[in-house]
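Chain by chain, the residues run as shown.
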Amino acid sequence: MSGDNIFSGLKVVDMASFIAGPGAAVILSDFGADVVKVEPPTGDTWRIGYKVPPEPAADDNYPWHLHNRNKRGLALDLKAPEAKEVVRRLVEWADVLIVNTPHSARAKLGLEYDDVAQWNARLIYADVTGFGEKGPDAGLPGFDITSYWARSGLLSMTRDAGAPPTWPVAGSGDNATAVGLYSAIVTALYRRERTGKGSYVTTSLLAEGVWSASVSIQAALCGATFYDLHDRRNPANAALNVYRASDDTWFVLIVMPDKLAAVAKAIGREDLLTDPRFSDPANLMKNMPALTAIFDQLFGSQPMTHWYEVFNGVHVTFGAVRGPQEVIADPQLRLNNIVVPLEGAGGKLSSTISSPIQVHGVSKVPAKRAPDLGQHNEEVLKELGFSATEVAGLYTSGVVTKPTQPVAAATKPGTSPATASKPTPTAATA
């Protein structure tokens with residue numbers, strides 16, 4: 001790892017499962033952190049997520065590599081009494097520990113903050129939950145669909161009038177929460193630089209969902225009057241609506257008041273500005289369906305390429321609605337390093353999605369495949385100070401699970417055996 005990476009030398013233990021916690025660790029790894037992914041003997045359940053409908057079907061394990069790239073893998077049975085010594089050394093080694101195990105199970109495993117902070121006063125303990133740490137539902141399991149989307153109110157609002165709540169895009173709330181957890185970790189690291197003290201930081205899927213829905217939630221907090229659910233044929237505002245071009249491309253149009261005259265001229269309908277149905281605010285509200293029908297006919301007369309030129313010509317905000325297969329062809333993604341090469345994953349997995357943060361003048365670590373289950377067991381354990389005999393004993397007892405497949409020269413992503421870190425069993429400075 002090059003010395004100019006922001007988190008080069010930062011040591012992270014990722015004990016979280018699925019997406020939000022591991023996603024935060026991925027962002028740290030993108031900027032040079034050394035991340036050890038700790039999994040149970042059966043592996044993180046997210047390893048088989050791509051096999052569960054309605055996830056897109058593929059031969060390649062695309063979500064696993066997306067959320068665990070650039071990490072080293074350690075398969076550890078945390079329920080085994082002998083695992084405590086491994087955990088202790090991991091915590092002593094780490095700068096950051098990421099967990100999302102339910103607190104009831106965490107207490108049994110001795111993984112609560114008070115359990116592990118005694119081993120490393122500089123540790124950043126990062127916790128992500130479904131519904132927060134307090135309250136009657138603090139112990140409930142939560143996925144982003146339930147905690148982030150449904151419970152926060154988002155799912156009730158992201159639908160048209162008369163339609164039932166729909167099934168949101170998998171991982172969308174988790175990935176947003178990952179950025180929030182990453183922010184909490186970085187905030188704590190900054191505090192540690194100033195005070196020398198570690199921190200216990202946390203966020204929840206619910207908190208992140210409410211933050212995403214905060215404009216509407218804040219409105220509810222002050223007793224605001226809400227419009228009905230969006231109905232594109234009878235919208236609250238025809239200038240903020242969804243329309244369809246003649247080539248069947250749907251697009252979102254946002255025309256703010258200062259752009260109305262320019263847009264009316266550009267689409268050849270300046271008459272709408274003086275039409276008594278629409279020029280008077282009171283009449284306009286009554287005649288939104290009529291104005292929408294006019295726009296439907298007009299925008300349906302030309303393909304999206306035409307409207308792209310028209311809207312760009314007057315600098316109005318719009319967005320064509322794209323499916324995933326179209327999005328990946330968007331030149332903006334590669335030109336802005338949103339999609340980047342992925343090394344070593346095999347199959348058709350030659351590229352991946354970079355984390356959504358760029359620091360000018362700093363190159364991210366090139367993305368490399370996620371680890372196989374237990375791929376870096378011996379390397380990590382030796383780095384923690386375990387002897388070859390002790391490692392063999394951990395294998396024999398089943399505390400550490402043997403790798404799922406032989407790896408010729410397992411090293412940290414981005415290093416060679418000669419440059420891999422030497423054993424450092426004590427906490428490191430960021």
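None of these values were measured; they are calculated from a predicted model. (Residues numbered from 1 in each chain as written. Predicted model: local features only at pLDDT ≥ 70, side-chain atom pairs only at ≥ 80, totals over all residues. Heavy atoms only, no water.)

### Focus: the overall build of the chain
Point 1. The helix and strand inventory of the chain stands at 19 helices and 12 strands.
Point 2. Dimensions along the principal axes, computed over C-alpha positions, put the chain at roughly 85 × 45 × 45 Å.
Point 3. Counting across all 430 residues of the chain, residues that qualify as buried make up 43%.
Point 4. Sequence-distant contacts, at least 24 apart, represent 71% of the contacts inside the chain between residues at least 6 apart. (Helix = DSSP H or I, 4+ residues; strand = E, 2+ residues; numbered from the N terminus. Buried < 20%, exposed > 50% of the residue type's maximum accessible area, 1.4 Å probe, protein only. Contact = heavy atoms within 4.5 Å.)

### What about a nonpolar patch on the surface?
Point 1. Where nonpolar side chains cluster on the molecular surface, the patch consists of Leu 240, Trp 250, Val 252, Ile 254, Met 256 and Val 321 and spans about 460 Å² of accessible area.
Point 2. Looking at which element gives the most residues to the nonpolar patch, the answer is strand β8 (residues 250–254), with three residues.
Point 3. Here Val 321 shows up in the loop between β9 (317–320) and α16 (324–327).
Point 4. Given the relative accessible area of 45%, Val 321 is considered partly exposed. (Patch = residues over 30% accessible without salt bridge, like charges linked within 9 Å, V, L, I, M, F, W, Y side chains within 5 Å. Areas by Shrake-Rupley, 256 points an atom, 1.4 Å probe, with all protein chains shown as cover. Salt bridge = Lys/Arg side-chain N within 4 Å of Asp/Glu carboxyl O.)

### Overview of the nonpolar core
Point 1. Residues Met 15, Leu 74, Leu 76, Leu 90 and Leu 97 are the most contacted members of the largest nonpolar core, which totals 29 residues.
Point 2. If you list the elements that add at least two residues to this core, you get β2 (34–39), α3 (83–93), β4 (96–99), α18 (377–383) and α19 (388–397).
Point 3. Examining the composition of this core, we find that six residues originate from one element, α3, more than from any other.
Point 4. Sequence-distant contacts of Met 15, that is, excluding residues within four places in its chain, are made with Val 38, Leu 78, Val 87, Leu 90, Leu 97, Ile 98, Val 99, Asn 100 and Leu 111.
Point 5. If you look at the next biggest cluster of nonpolar residues, it comprises 25 residues, including Val 12, Leu 28, Tyr 182 and Ala 184. (Core = buried A, V, L, I, M, F, W, Y, C linked by side-chain atoms within 4.5 Å.)

### As for the sheet that holds strand β1 (residues 11–14)
Point 1. Pairing is parallel in the open sheet, where six strands are placed in the order β3-β2-β1-β4-β5-β6. Both edges of this open sheet fall to β3 (71–75) and β6 (199–204), since each of them pairs with a single strand only. The average undirected angle you get between the axes of adjacent strands in this sheet is 20°.
Point 2. Here β4 runs beside strand β5 (residues 124–129); their pairing, made up of four bridges, is parallel. Along β5, the bridge assignment pairs Ile 98 with Ala 126.
Point 3. Those strands touched by α3 are β1, β2, β3 and β4, and its axis lies near 140° from that of β1. (Pairing = 2+ DSSP bridges. Axes fitted to C-alpha atoms, helices over the stretch in contact; angles between N-to-C directions.)

### Digging into the sheet that holds strand β11 (residues 351–353)
Point 1. The three strands lie next to each other as β11-β10-β12, forming an open sheet whose pairing is mixed. The open sheet has two edge strands with one neighbour each: β11 and β12 (367–368).
Point 2. Alignment of strand β10 (residues 339–343) against β11, held across three bridges, turns out to be antiparallel. Following the sheet pairing, Pro 341 is matched in β11 by Ser 351.

### So, the pattern of salt bridges
Pairing of side chains with opposite charge becomes possible as their charged atoms draw close.
Point 1. Within this structure, the stated rule accounts for 20 salt bridges.
Point 2. One salt bridge in this structure joins Arg 269 and Asp 271, with 2.9 Å as the shortest N-O distance.
Point 3. Overlapping salt bridges bring together Asp 14, Lys 37, Asp 44 and Lys 71 as one network.

### Details of α3
It helps to recall that an α-helix has 3.6 residues per turn; residues three or four apart then point in one direction.
Point 1. Within α3, eight of the 11 residues are buried, which leaves the element mostly enclosed by the surrounding structure.
Point 2. Within the span of α3, buried status applies to Ala 83, Val 86, Val 87, Arg 89, Leu 90, Val 91, Glu 92 and Trp 93.

### Observations regarding the side chain of Glu 383
Point 1. In this fold, Glu 383 is placed in helix α18.
Point 2. By relative accessible area, Glu 383 is classed as buried at 4%.
Point 3. A polar atom in the side chain of Glu 383 sits 3.0 Å from the side chain of Arg 72. (Polar contact = N/O pair within 3.5 Å; in protein donor to acceptor, adjacent residues only side chain to side chain.)

### A few points about the confidence of the model for the chain
Point 1. Model confidence for the chain is summarised by a mean pLDDT of 93, while 93% of its residues fall at 70 or above.
Point 2. Low pLDDT, under 50, characterises residues 406–430; the predicted model gives this stretch 55 contacts beyond four residues in sequence or across chains. (pLDDT = per-residue confidence, 0-100.)

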